[in-house]
Amino acid sequence: MTIEMRDALLEARIRKQLQATDSSSVEEVLLRLLETQEEQDRWLLENREAINAKIRRGIDQLERGEGIPEDQLDGYLAKLKAQPE
């Protein structure tokens, strides 16, 4: 199979990945990218129900007025990030 790239920016991105991952070929870069995408797709499919439940819970909270006002959001997120896990 021969793949022709007409988009110079796409070719540059692939070359950047080639160097960043120390891959030996474009085929190896594409294989790694496909494997990563497939794993992400599998994870999303396996966790779809839990993700949707969290989204629904968040929407319900917003509808009850439990959201964080926009002007307080940055401070709230900074506080969350500062908490130890």
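Predicted model only: the values in this text are computed from it and were never measured.

Scoring rules and cut-offs
- Residues numbered from 1 in each chain as written.
- Predicted model: local features only at pLDDT ≥ 70, side-chain atom pairs only at ≥ 80, totals over all residues.
- Heavy atoms only, no water.
- Bend = angle between axes of the 7 residues up to and from the residue.
- Helix = DSSP H or I, 4+ residues; strand = E, 2+ residues; numbered from the N terminus.
- Salt bridge = Lys/Arg side-chain N within 4 Å of Asp/Glu carboxyl O.
- Buried < 20%, exposed > 50% of the residue type's maximum accessible area, 1.4 Å probe, protein only.

**Q** I keep staring at helix H2 (residues 26–63) and nothing clicks. Help me out?
**A** Three or four residues apart is the spacing at which side chains of an α-helix point the same way, because the helix has 3.6 residues per turn. The largest bend along H2 measures about 65° and falls at Asn47. Two residues or fewer after H2 comes Gly65, characterised by a positive phi angle close to 80°.

**Q** Whenever I open this one, the pattern of salt bridges confuses me. Can you help?
**A** Between side chains of opposite charge, pairing is possible as soon as their charged atoms come close. Using the criterion set out here, one finds four salt bridges in the structure. Glu11 is paired through a salt bridge with Arg15; the nearest N and O atoms lie 2.8 Å apart. On the criterion of helical spacing, the pair formed by Glu11 and Arg15 is a turn pair, its members being four residues apart in helix H1 (residues 8–20). A salt bridge links Arg42 to Glu39, with the shortest nitrogen-to-oxygen separation between them at 2.8 Å. Here Arg42 and its partner Glu39 are both found in helix H2, three residues apart, which amounts to about one turn of the helix. Classification of Arg42 by relative accessible area gives partly exposed; the value is 42%. For Glu39, a relative accessible area of 44% puts it in the partly exposed group.

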